[in-house]
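Fold and geometry: a report
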Amino acid sequence: MLDRQTLMLLTLGVCIVNGIFSPFLTIAIPVTAVLMPELFPRTIEWVLFWSSILLASATLLLSGVPAALYERLIERSPDAPTSMWIWLAGAAALGLPAIARFV
């Protein structure tokens, strides 16, 4: 049985793969060009990097909503790994277009 930390690392890995290979990268690039910090130059490398970070963060955030609702409403034990499994399943579901593109 996998513990919570291992499941979190797997969830982060799925989110990173989604951030890099997502077909929604074409939508995130113009948004990132506007939101990118002024500290970094506006080269294509930096825009792609921040676009991937934006998509990976959005995947992590959105996939955590069902897990948080489950943990808040149904399961009261903070050490149970069920909510982490829900979080991983949500990240995998949001990452299906990227995983299909990757494979």
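Right, let's walk through the structure included here. Numbering of residues begins from 1 in every chain and follows the order in which that chain's sequence is written. Owing to the predicted nature of the model, reporting of local features is limited to residues with pLDDT of at least 70; listing and counting of side-chain atom pairs is limited to 80 or more, with chain, interface and lining totals taken over all residues. Note that water and hydrogens are dropped before the side-chain values are worked out from all heavy atoms of the structure.

**What about helix H2 (residues 25-35)?**
Here the term buried applies to any residue with accessible area under 20% of the maximum for its type, exposed to any over 50%, and partly exposed to those in between, with areas from a 1.4 Å probe on protein chains only. Going along the chain from the N terminus, every DSSP run of H or I of four or more residues is numbered as a helix, and every run of E of two or more is numbered as a strand. Turning to H2, its buried residues are Leu25, Ala28 and Thr32. The arc that holds the buried residues of H2, viewed along the axis, is 55 degrees, so those residues lie on one side. Facing away from the buried side of H2 by more than 90 degrees, the exposed set consists of Thr26, Ile27 and Val34. Buried residues along H2 sit in contact with helix H1 (4-21) and helix H3 (44-73). To be clear, the arc concerns the directions from the helix axis to the C-beta atoms. The criterion used for residue contact is that any of the two residues' heavy atoms lie within 4.5 Å.

**Structural notes on the side chain of Asn18**
Inspection of the secondary structure puts Asn18 in helix H1. The residues touching Asn18, leaving out its near neighbours within four places in the chain, are Leu55, Thr59, Leu94, Gly95 and Ala98.

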